[in-house]
Amino acid sequence: MNTTATGYALICFDGLSLLIDQHTIVCLNNMAMLQSEGHEEKNSETIIEEPACKVHSLTAHLTVAEKINTRCRYIVVLQADGHHFGITVDSVQSLPTQNPILHSLPTCMSISGSPIQAYVQIKETIAFCCDVGTLWCYINSLERRHEFKT
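Everything quoted here is computed from the prediction, not taken from an experiment.

**Notes on the sheet that holds strand β9 (residues 103–104)**
As a general point, the strands of a sheet are linked pairwise by backbone hydrogen bonds and lie either parallel or antiparallel. Taken together, six strands build an open sheet; the order of strands is β8-β1-β2-β11-β10-β9 and the sheet is mixed. Each of the sheet's edge strands pairs with one partner strand only, and the pair in question is β8 (91–95) and β9. In this sheet, strand β10 (residues 116–122) lies alongside β9 in antiparallel orientation, the contact comprising two bridges. Bridging from a neighbouring strand, S104 pairs with A118 of β10.

**Overview of the confidence of the model for the chain**
The predicted model of the chain has a mean per-residue pLDDT of 77, with 67% of residues at 70 or higher. Here residues 1–5 scores under 50 on pLDDT; set against residues more than four positions off or in separate chains, the count is 16 contacts. Between residues 40–46, whose pLDDT stays under 50, and residues either more than four places distant or in other chains, the model counts 13 contacts.

**Examining unusual backbone geometry**
Here D81, not a glycine, exhibits a phi torsion of approximately 50 degrees, which is positive. Along the chain, D81 turns up in the loop between β6 (74–80) and β7 (83–89). The phi angle at K123 is positive, at roughly 55 degrees, despite the residue not being glycine. With respect to the helices and strands, the residue K123 is situated in the loop between β10 and β11 (125–130).

Calculation criteria
Residues numbered from 1 in each chain as written. Predicted model: local features only at pLDDT ≥ 70, side-chain atom pairs only at ≥ 80, totals over all residues. Heavy atoms only, no water. Pairing = 2+ DSSP bridges. Helix = DSSP H or I, 4+ residues; strand = E, 2+ residues; numbered from the N terminus. pLDDT = per-residue confidence, 0-100. Contact = heavy atoms within 4.5 Å.

Dropping the structure here:
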């Protein structure tokens, strides 16, 4: 994770807090607004128009969401290695934290290739630092494995 960034975003899904570099966020879509525009029945790939990208449901094992789960409140479009991809999240909060104190994961919790490599304490919350580039690689590899199975 780039610790020289000027700000971070705290995103949350299923109670898991992730700290990501704000510069990786391309746009944020509020599900309430999308639903009021009549998008709730559309395929997830057609909901996000600019920039066009697939939306992955973090509550469904990072697969491409066939329909967006209405319990998720936001879709965050991220950019990694020139690729845009969306993820569904429950909450998004901007944090003007500079140079947070990162703690390494215990060896028994470290998984090779995991987008989570460290954690940080923010007030009374533990947030896991998520590298968006590694997250994209992980999602992309899952997508390819899924394509081979069908």
